[in-house]
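# Structural characterization, general
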Amino acid sequence: MVNPWLLLRMCLHVCFEHPSLCILLALCTQKMDGAYCDPSNLVQNGDFQVQSFLFGSYPTMDVISSGIRTLMPFWVAAAGGFQVLDATVFVPPPGLNASFLIHMNYRSGPGELVSMPIYTLREGAIYTVSFFIADNPDGGPVAKAVRLGLQDIYGRNVAPPGLSPFVVSNSSTTRNSILWQPVSCNVRGTGVPTILSLSSLTPGSYGALVANLQVNLQSMIENGSFENVDPQIQINNLTYFAELTGPSSLIRHWVVETGVIKIATAARYQASTDNTAILLDLNAENSPATISNIFSARSNTDYTLLFDTAANPERNFQLVIGQLVVTVQGLPSTNYLLSETVNLDSTSFSIDSIGWVTMAMEFKTFKDDFQVKVTFRSKIAGSFGPLLDNVQVFENTKSLKSTNETKLIGIPNTPPTITTPTYISTPTTTSIAFKIACPLSTYLVTLLLLTFTCYKVS
Ligand SMILES: [Ca+2]
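All figures in this text were calculated on a predicted structure; none of them were measured in a lab. (Residues numbered from 1 in each chain as written. Predicted model: local features only at pLDDT ≥ 70, side-chain atom pairs only at ≥ 80, totals over all residues.)

Here we come to the overall build of the protein. Counting its secondary structure elements, the protein contains 3 helices and 26 strands. Per-residue burial for the protein yields a buried fraction of 43% across its 458 residues. Taking the contacts inside the protein whose residues are at least 6 apart along the sequence as the reference set, 78% of them involve residues at least 24 apart. (Helix = DSSP H or I, 4+ residues; strand = E, 2+ residues; numbered from the N terminus. Buried ≥ 20, exposed ≤ 12 C-beta atoms within 10 Å, placed from the backbone. Contact = placed C-beta atoms within 7 Å.)

Laid out in structure tokens, this is it:
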């Protein structure tokens, strides 16, 4: 499936061109729990908006062929070729602000698209892998198929067992009326960086179209990133902060219980790890605030609470030092499941370098609880306090099957008149040689990346 030597060559190439990316890759190839990198979407450049080539003129296609010269950051064509299509001509999926799509074939035939290692999938957490797929209106076989693959960096399969290729067949569509279909599946995090691949199983020059690949943590909390606020709250201003005085419920699914909070934006502050627009400061108007969220949960179940926090470094000539108190209660019992304080210190940080830290805390519900209340309380005096964003809670699962949520959503069926195409091969297993070579190559890649990065930086 994924050629480790091709990945090695690709990494060396990227190392010289993008030193910062090289450092990231080197970090991600270490076994870690991902505590400091947990964005809401773990796929880098899954919408293909970041490119390092000049897009061609009409007819709006550029070709990415196999090899290390793949000019799509965070992706490589491991086999065959694929094309980048302009979404102003090939209408993108509805609701997406996409500018580019991927055509999984080129004139040389079907392509295999492989991601750079995505961030570590937290062990025990359930993630949804999703993308949009459509038939190619320009031609090709009646049915077109794409296989999704997920392997960790040791070559172990992470994709759910029995995952079939995604098949589309809507050849009557045009470039202006492409019938996009959302597809997704659940995977259980293994605690190891994972590589995502898409392989076209369609022969010839015309294969399926693909857009907006994502890998999202399934969080129990609604609006954990505070992006959904009442329209009466004015945001998107560099200097003006909207403030909410408790009690208030103008941030959807949250309650400001006491004190005053600022609703700040990434236009002024460095965004947190999910790279979103809105974040909170739990202090304003010389008043520390308390904010809480209640969500449904299963009794007698293990959960992990994640959130990004830092001290607001903006108070002139004074450091912000203090604590953020985090409590978790089961409901209706009101028993405390978790009570911790987080020490915060703005020393050496600025609004451009906030010093965000992702905290991870575990708790377990009691047998009679069916809801959970999470509360954040500032213990800092003054008008600048703890920053908070990207609050997530996930259930710690033993296996994907144990969640009873193993599901494949929206997989389009092959039309009844179409028998299973003979060119759709049975799933191939990873070769033994690859399994042996992968751990060695992983550490070799890490060593080389660090070496070349130091050379490049110096
Ligand atoms: Ca946010």
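Let us keep going from here.
Below, the discussion takes up the sheet that holds strand E13 (residues 242-245). Taken together, 6 strands build an open sheet; the order of strands is E13-E15-E16-E25-E20-E23 and the sheet is antiparallel. Each of the sheet's edge strands pairs with one partner strand only, and the pair in question is E13 and strand E23 (357-364). For this sheet, the mean inter-axis angle between neighbouring strands, taken without regard to orientation, is 35 degrees. (Pairing = 2+ DSSP bridges. Axes fitted to C-alpha atoms, helices over the stretch in contact; angles between N-to-C directions.)

What follows is about the environment of Pro-94. Tracing the backbone through its elements, the reader meets Pro-94 in the loop between strand E2 (75-86) and strand E3 (100-103). When the C-alpha atoms of Pro-94 and Leu-179 are compared, they prove to be 9.7 Å apart, with 85 residues separating the residues in sequence.

Another aspect to go through is the sheet that holds strand E19 (residues 290-296). Strand order in this open sheet of 5 strands is E14-E19-E24-E21-E22, and the pairing throughout is antiparallel. The open sheet has two free edges, formed respectively by strand E14 (254-258) and strand E22 (336-345), since each of these has just one partner strand. Taken pair by pair, the neighbouring strands of this sheet meet at an average axis angle of 20 degrees, ignoring direction. Relative to E22, strand E21 (residues 321-331) is paired through 9 bridges, and the arrangement is antiparallel. Across the sheet, Val-328 pairs through a bridge with Leu-338, a residue of E22.

Moving on, we come to the nonpolar core. Generally speaking, a soluble globular protein has its nonpolar side chains buried in company with each other. Among the nonpolar cores identified, the biggest contains 104 residues, and Ile-102, Ile-133, Leu-209, Val-210 and Ile-261 are the most heavily contacted of them. A per-element tally of this core places E2 first, with 8 residues. Per-domain counts for this core show at least three residues from each of domain 1 (31-218 + 399-430) and domain 2 (242-395). Discounting residues that sit within four places of it in the chain, Val-210 has contacts with Leu-101, Ile-102, Met-104, Phe-131, Phe-132, Ile-133, Val-146 and Leu-198. (Core = buried A, V, L, I, M, F, W, Y, C linked by C-beta atoms within 7 Å. Domains from an automatic or database assignment.)

Let us look at the pairing of strand E11 (residues 194-200). Along E11, 7 of the 7 residues are buried, which leaves the element largely enclosed by surrounding structure. Judged by which residues are buried, E11 turns out to be covered on both faces: Thr-194, Leu-196, Leu-198 and Ser-200 on one side and Ile-195, Ser-197 and Ser-199 on the other are all buried. Where strand E6 (residues 112-115) meets E11, 3 bridges bridge the pair, whose relative direction is antiparallel. Following the sheet pairing, Leu-113 is matched in E11 by Leu-198. Taken together, the 7 bridges between strand E8 (residues 144-152) and E11 define a ladder with antiparallel strand orientation. Within the sheet, the bridge partner assigned to Gly-149 lies in E11 and is Ser-197.

This brings us to unusual backbone geometry. Phi is mostly negative for residues that are not glycine, and the peptide bonds are mostly trans. With an omega dihedral of 0 degrees, the bond running from Gly-246 to Pro-247 counts as a cis peptide bond. Residue position: Pro-247 is located in the loop between E13 and E14. A cis amide bond links Leu-331 with the next residue in sequence, Pro-332, at an omega value of 15 degrees. Here Pro-332 shows up in the loop between E21 and E22.

Let's shift gears to the pairing of strand E7 (residues 126-134). Of all 9 residues in E7, 8 are buried, a share of seventy percent or more. Pairing of E7 with strand E10 (residues 181-188), which is carried by 8 bridges, proceeds in the antiparallel orientation. For Thr-128, the partnering residue across the bridge sits in E10 and is Asn-186.

With that out of the way, let us pick up the confidence of the model for the protein. On average, residues of the protein carry a pLDDT of 79, and 73% of them reach 70 or more. Long-range and interchain partners of residues 10-37, a stretch whose pLDDT sits below 50, account for 55 contacts in this model, where long-range means more than four residues apart. Every residue in residues 402-458 is under pLDDT 50, and counting partners more than four places away or in other chains gives 82 contacts. (pLDDT = per-residue confidence, 0-100.)

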